[in-house]
Amino acid sequence: MENILSVFLGLGLASAAGFRIFVPLLITNIASLLGLYQFDGGMEWMGTWTALAILLSATLAEIAAYYVPWLDHLLDTIALPASIMAGTILATSFVNIDDPTLKWALGLIVGGGAAGIVQAGTSLLRLGSTATTGGLANPIVATSENIFAIILSILSLILPILMAVCAFIFLVYIARKILNRKVDKTIQKL
């Protein structure tokens, strides 16, 4: 049961990394510094004061950058691979499996996949917002993403099973939207 719970925790946090890359990393760092969770297996650096300083700076810079019109689009181009890496690190750091190959593979599939799907969905949302409002609604989208990243990260630590189920439902929803969008474009080309 502990292994399944750790996968659920990793899934919830990795999904939050799809909204904002550094927010769930910072929140897990703070949880570790408060003694709520201890990292092991090479991930001890995530619970250090140095990591807090770096992650806090990166989080503030990332959040601020999404409110600058041209910079938010630039961030979207690098956010997908970065969120996949963050999701993989988060999921791997929480998965309780002794075999490192299996641990990292599961972290990449569950964490990287979840973060990547959420990030792709938020990029499409921002693209739609820019197309329909000329970018005027992008600060509202950015604020919503910030709030989702914070709430999902905190609740994933407190209620990992519930948040994993919510994250899974959300991931299926986003994946269906992305696939439907690709199918619609293919049909239009025919």
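Only a predicted model underlies this, so the values are computations on that prediction, with no experimental measurement involved. (Residues numbered from 1 in each chain as written. Predicted model: local features only at pLDDT ≥ 70, side-chain atom pairs only at ≥ 80, totals over all residues. Heavy atoms only, no water.)

Re the packing of helix 1 (residues 2-19) against helix 4 (residues 69-94)
Here comes step 1: Relative orientation of the contacting elements helix 1 and helix 4 amounts to 160°, with a least axis distance of 8 Å. Between helix 1 and helix 4, the interaxial angle falls into the category roughly antiparallel. The handedness of the crossing between helix 1 and helix 4 comes out as right-handed. Each of S6, L9, G10, L13, A14, A17 and G18 in helix 1 lies in contact with helix 4, whose residues at this interface are S83, A86, G87, L90, A91 and F94.
Here comes step 2: Its residues assigned to classes, the contact of helix 1 with helix 4 comprises eight nonpolar, five polar and no charged. (Axes fitted to C-alpha atoms, helices over the stretch in contact; angles between N-to-C directions. Helix = DSSP H or I, 4+ residues; strand = E, 2+ residues; numbered from the N terminus. Parallel < 35°, antiparallel > 145°, perpendicular 65-115°, else oblique. Left-handed = near helix turned anticlockwise from the far one by under 90°. Contact = heavy atoms within 4.5 Å. Nonpolar A, V, L, I, M, F, W, Y, C, P; charged D, E, K, R; others polar.)

Concerning the nonpolar core
Here comes step 1: Membership of the largest hydrophobic core comes to 22 residues, with the highest contact counts inside it found for L25, F39, M46, L90 and F94.
Here comes step 2: Beyond its immediate chain neighbours, meaning those up to four positions away, F39 contacts T28, S32, E44, M46, G47, S93 and F94. (Core = buried A, V, L, I, M, F, W, Y, C linked by side-chain atoms within 4.5 Å. Buried < 20%, exposed > 50% of the residue type's maximum accessible area, 1.4 Å probe, protein only.)

Notes on the side chain of N29
Here comes step 1: Summarising the element assignment, N29 is placed in helix 2 (residues 23-33).
Here comes step 2: With sequence-adjacent residues up to four places away left out, N29 is seen in contact with M46, G47, T48, A51, L52 and L55.

Some remarks on the pattern of salt bridges
Here comes step 1: By the definition in use, this model includes three salt bridges.
Here comes step 2: Between E145 and R20 there is a salt bridge, with the nearest N and O atoms lying 2.9 Å from each other. Placement of E145 in helix 6 (residues 138-158) and of R20 in the loop between helix 1 and helix 2 is noted, with a sequence separation of 125 residues between them. Pair check on accessibility: E145 and R20 agree, each one buried.
Here comes step 3: In this structure, R126 and D76 form a salt bridge, with 2.9 Å as the shortest nitrogen-oxygen distance. Linking R126 in helix 5 (residues 100-133) with D76 in helix 4, this pair joins segments that are 50 residues apart in sequence. D76 carries the same exposure label as R126, and that label is buried.
Here comes step 4: Each of R20, D76, R126 and E145 takes part in salt bridges that share partners, so that together they form one network. (Salt bridge = Lys/Arg side-chain N within 4 Å of Asp/Glu carboxyl O.)

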